[in-house]
Amino acid sequence: MIGVLVSGGGTNLQALLDAGLPVVAVASNRADAPALARAAHVPRAAFELATYPDRAARDAAMADWLREQGVELVVLAGYMHILTPAFLERFPNAVVNVHPSLLPDFPGAHAVEEQLAAGVAESGATVHLVDEGVDSGPVLAQERVPVLPGDTRETLHERIKAVEHRLLPEVVRELCAR
Ligand code: GAR
């Protein structure tokens with residue numbers, strides 16, 4: 001049973017849904033995240049930081065809600081907040097993230113822009129287990145894409161996302177089968 005955390009457009013959430021994976025809950029740090037509209041048929045909830053005394057309290061509430069929905073595996077699909085131990089200790093070794101670079105290179109929220117600025121010839125997509133760091137934790141799968149002359153943030157990100165949309169459901173399916 002999968003819970004998905006989202007902050008943005010939700011194309012990776014869509015890929016998980018399209019793959020027929022058992023998504024039973026979707027949560028966001030933003031009530032206005034467009035991704036939430038993609039999962040109208042499953043329980044959804046927003047856990048905005050402003051509603052809680054601190055990040056740990058928010059994360060504990062979000063983890064408790066996911067557990068109530070029967071979630072066993074959490075997938076971060078464009079979730080742009082760092083998870084605190086209050087969340088991770090409730091899902092030990094059961095949180096995965098997708099990131100638009102060849103980690104450990106270019107972690108963080110601006111990976112695509114930073115790769116273009118650095119002039120790298122290759123980028124890629126990484127799926128990894130989440131720990132308390134920023135886009136750190138053991139890599140589960142990684143695939144390269146070329147950076148092409150004239151690439152913009154949008155064109156490079158689209159090329160990476162095309163890979164993410166295949167790689168993330170593959171890895172999640174394998175984890176569900178364990
Ligand atoms: C994806 O490219 C994902 O790898 C990235 O945000 C995008 C979300 O797109 N995540 C990170 O940068 C995490 N550090 P989506 O909302 O369309 O799935």
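Up top is the structure these notes are about.
These notes cover the structure that comes with them. In this text the structure is predicted, and so the values were computed from the model without any measurement.

### Quick notes on helix α1 (residues 11-18)
Within the span of α1, buried status applies to N12, L13, A15, L16 and L17. Buried residues in α1 make contact with β1 (2-6), β2 (23-28), β4 (73-76), β5 (95-99) and α5 (153-177). G20 sits one or two positions beyond α1 and adopts a positive phi of about 75 degrees.

### Some remarks on the pairing of β2
With respect to burial, β2 is a largely interior element, 6 of its 6 residues being buried. Bridging between β2 and strand β3 (residues 44-46) involves 3 bridges; their strand directions are parallel. Paired with S28 across the bridge in β3 is A46.

### Brief notes about the packing of α1 against α5
Two quantities define a packed helix pair, namely the angle between the helix axes and the distance between the axes. Taken N-terminus to C-terminus, the directions of α1 and α5 make an angle of 45 degrees; their axes are 9 Å apart at the nearest point. With respect to α5, the axis of α1 lies oblique. As α1 packs across α5, the resulting crossing turns out to be right-handed. In this structure, α1 contributes T11, N12, A15 and L16 to the contact, and α5 contributes K161, E164, H165, L168, P169 and V172. Among the residues making up the contact of α1 with α5, the classes are represented as 5 nonpolar, 3 polar and 2 charged.

### Re unusual backbone geometry
With an omega dihedral of 15 degrees, the bond running from L103 to P104 counts as a cis peptide bond. Positive phi, normally seen in glycine, also occurs at F106, with a value near 55 degrees. Tracing the backbone shows F106 in the loop between β5 and α4 (111-118). Using a relative accessible area of 21% as the deciding quantity, one classes F106 as partly exposed.

### Side note on the pattern of salt bridges
As enumerated under the stated definition, the model contains 8 salt bridges in all. Here R90 ties to D64 by a salt bridge, and the two come within 2.9 Å at their closest N and O atoms. Here D64 lies in helix α2 (residues 55-68) and R90 lies in the loop between α3 (85-88) and β5, a separation of 26 residues in the sequence. Classification of D64 by relative accessible area gives partly exposed; the value is 35%. Salt bridges linked by common partners bring E113, R153 and E154 together as one network.

### Observations regarding the sheet that holds strand β7 (residues 139-146)
Within a sheet, each strand pairs with its neighbour through backbone hydrogen bonds, oriented either parallel or antiparallel. Overall, mixed pairing links the 7 strands, which are arranged β3-β2-β1-β4-β5-β6-β7 in an open sheet. At either margin of the open sheet sits one strand with a lone partner, and together these are β3 and β7. On average, adjacent strands in this sheet sit at an angle of 15 degrees to one another, irrespective of strand direction. In this structure, strand β6 (residues 122-129) lies alongside β7, joined through 7 bridges in antiparallel fashion. Within β7, the position partnered with E122 by the bridge is P146. Across the sheet, α2 lies against β1, β2, β3 and β4, angled at about 165 degrees from β2, the strand it touches most.

Rules and cut-offs
Residues numbered from 1 in each chain as written. Predicted model: local features only at pLDDT ≥ 70, side-chain atom pairs only at ≥ 80, totals over all residues. Heavy atoms only, no water. Buried < 20%, exposed > 50% of the residue type's maximum accessible area, 1.4 Å probe, protein only. Helix = DSSP H or I, 4+ residues; strand = E, 2+ residues; numbered from the N terminus. Contact = heavy atoms within 4.5 Å. Pairing = 2+ DSSP bridges. Axes fitted to C-alpha atoms, helices over the stretch in contact; angles between N-to-C directions. Parallel < 35°, antiparallel > 145°, perpendicular 65-115°, else oblique. Left-handed = near helix turned anticlockwise from the far one by under 90°. Nonpolar A, V, L, I, M, F, W, Y, C, P; charged D, E, K, R; others polar. Salt bridge = Lys/Arg side-chain N within 4 Å of Asp/Glu carboxyl O.

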